[in-house]
Amino acid sequence: MQVASILTVKGADVATITPESTIGDAVTALHHHRIGALVVSPDGRRVVGIVSERDIVRRMATDAGVMSVPVSHVMTANVHTCTPEDEVEQLMVLMTGHRIRHVPVVVDGQLSGIVSIGDVVKHRVTQLENENQVLYEYMTGTR
Ligand code: AMP
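Description of the structure in this document. Along each chain, residues carry numbers from 1 onward, in the same order as the chain's sequence is written. Reporting of local features is limited, given that this is a predicted model, to residues whose pLDDT is at least 70; pairs of side-chain atoms are given and counted only at 80 or more, and all residues count toward the totals for whole chains, interfaces and linings. As a rule here, side-chain values cover all heavy atoms of the structure and leave hydrogens and water aside.

**Section: the nonpolar core**
Right, on to step 1. Residues grouped as a nonpolar core are buried Ala, Val, Leu, Ile, Met, Phe, Trp, Tyr and Cys residues, joined through side-chain atoms within 4.5 Å. Residue exposure (1.4 Å probe, protein chains only): buried if accessible area is under 20% of the type maximum, exposed if over 50%, otherwise partly exposed. Residues Ile-17, Ile-23, Leu-38, Val-51 and Val-71 are the most contacted members of the largest nonpolar core, which totals 14 residues.
Right, on to step 2. Breaking this core down by element, the ones donating at least two residues are helix 2 (23–33) and strand 2 (37–40).
Right, on to step 3. By size, the runner-up hydrophobic cluster in this structure holds 11 residues, among which are Leu-7, Val-88, Val-103 and Val-105. Secondary structure elements are taken from DSSP: a helix is a run of H or I of four residues or more, a strand is a run of E of two residues or more, and numbering for both begins at the N terminus.

What follows is the structure, encoded as structure tokens:
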């Protein structure tokens, strides 16, 4: 199954924030959207970083003034991305291997969606439920 199948269900919307915004702005956006990470982008299309709640908590431990710090000082600049054609299994390996829970989807350098570990788990559970149903129907002769 490809990443595209997840995007078909959840859509291509991605919450972004500019690098010049403050961590205070990022906290407001994370709270507003009820999400755990924001893609950092100057224009909503080009990915220049990602800032997650973990980055903010880590910074808070050593910097009481974190709310006024620019996002660019706290974000991770080396972003792992995927394409809609990537297999969801590859994404699971990427997420567990790098201990990341969010992977932006990029097509021709443009932000085209995001997949979270929650999306991957949901997708996998649905897939297993479907397989289970097919096997049950096969074994009981109801298919
Ligand atoms: P998360 O698991 O998304 O809360 O992020 C954990 C750490 O990995 C944070 O330092 C993030 O900035 C970083 N991170 C999250 N997603 C990515 C990604 N796709 N590529 C690179 N780093 C990431």
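**Observations regarding the packing of helix 1 (residues 3–10) against helix 5 (residues 117–140)**
Right, on to step 1. At a closest axis distance of 11 Å, the pairing of helix 1 and helix 5 adopts a crossing angle of 100 degrees. When the axis of helix 1 is compared with that of helix 5, the two are roughly perpendicular. Residues Ser-5, Ile-6 and Lys-10 of helix 1 form the contact with helix 5, whose participating residues are Asp-119, Val-120 and His-123.
Right, on to step 2. Only Asp, Glu, Lys and Arg are considered charged in this grouping, and only Ala, Val, Leu, Ile, Met, Phe, Trp, Tyr, Cys and Pro are considered nonpolar; every other residue, Gly among them, is considered polar. Here the contact of helix 1 with helix 5 is composed, by residue class, of 2 nonpolar, 2 polar and 2 charged. To get an axis, fit a line to the C-alpha atoms, keeping to the stretch in contact for a helix; angles then go from 0 to 180 degrees between the N-to-C directions. By the definition adopted for this analysis, an angle is roughly parallel if under 35 degrees, roughly antiparallel if over 145, roughly perpendicular if from 65 to 115, and oblique otherwise. Contacts between residues were defined by any pair of non-hydrogen atoms, one from each residue, lying within 4.5 Å.

**A word on the pattern of salt bridges**
Right, on to step 1. Any Lys or Arg side-chain nitrogen found within 4 Å of a carboxyl oxygen on Asp or Glu counts as a salt bridge. Enumeration according to the criterion identifies 5 salt bridges in this entry.
Right, on to step 2. Arg-101 is the salt-bridge partner of Glu-53, the closest N and O atoms lying 3.7 Å from each other. In this pair, Glu-53 is assigned in helix 3 (residues 53–60) and Arg-101 in the loop between helix 4 (88–98) and strand 4 (102–107), connecting sequence segments 48 residues apart.
Right, on to step 3. On the basis of relative accessible area, Glu-53 is assigned to the partly exposed category, the value being 35%.
Right, on to step 4. Between Asp-55 and Arg-58 there is a salt bridge whose closest N-O contact spans 3.6 Å. Remark: Arg-58 and Asp-55 occur in helix 3; sequence separation between them is 3 residues, near one turn of the helix.
Right, on to step 5. Overall, the relative accessible area of 11% leaves Asp-55 in the buried class.
Right, on to step 6. Take Arg-58: its relative accessible area is 56%, and that puts it in the exposed class.

**Focus on the site of the ligand**
Right, on to step 1. Near the ligand you find 15 residues, and of these Asp-55, Thr-76, His-80, Arg-101 and His-102 are the closest.
Right, on to step 2. Measuring from an oxygen atom of the ligand, one finds a side-chain N or O atom of Ser-52 at 2.8 Å.
Right, on to step 3. Polar contact criterion, stated in full: a pair of N or O atoms within 3.5 Å, where within protein one must be able to donate a hydrogen and the other to accept it, and residues adjacent in sequence count only if both atoms are side-chain atoms. Contact distances for the ligand include 2.4 Å between an oxygen atom and a side-chain N or O atom of Asp-55.
Right, on to step 4. In isolation the ligand exposes 480 Å². Once the protein is present, 94% of that is buried.
Right, on to step 5. Going through the elements one at a time, strand 3 (49–52), helix 3 and strand 4 are the ones with two or more residues in the shell around the ligand.
Right, on to step 6. The class makeup of the residues in the shell around the ligand is 5 nonpolar, 5 polar and 5 charged. Here, proximity means that at least one heavy atom of the residue falls within 4 Å of the molecule or strand. The Shrake-Rupley method, run with a 1.4 Å probe, gives the accessible areas here. Residue values count only the displayed protein chains as cover.

**Quick look at helix 2**
Right, on to step 1. Regarding helix 2, the residues found buried are Ile-23, Gly-24, Ala-26, Ala-29 and Leu-30.
Right, on to step 2. Summarising the contacts, the buried residues of helix 2 are in contact with strand 1 (16–17), strand 2, strand 3 and helix 3.
Right, on to step 3. Backbone geometry just after helix 2 places Arg-34 at a positive phi near 55 degrees.

**What to know about a nonpolar patch on the surface**
Right, on to step 1. Nonpolar side chains collect at one region of the surface, where Ile-117, Val-121 and Val-125 lie side by side and expose about 220 Å² of accessible area between them.
Right, on to step 2. Relative to the helices and strands, Val-125 is located in helix 5. Like-charged residues within 9 Å of one another, or nonpolar side chains (Val, Leu, Ile, Met, Phe, Trp, Tyr) within 5 Å, are grouped into patches, provided each residue has over 30% relative accessible area and no salt bridge.

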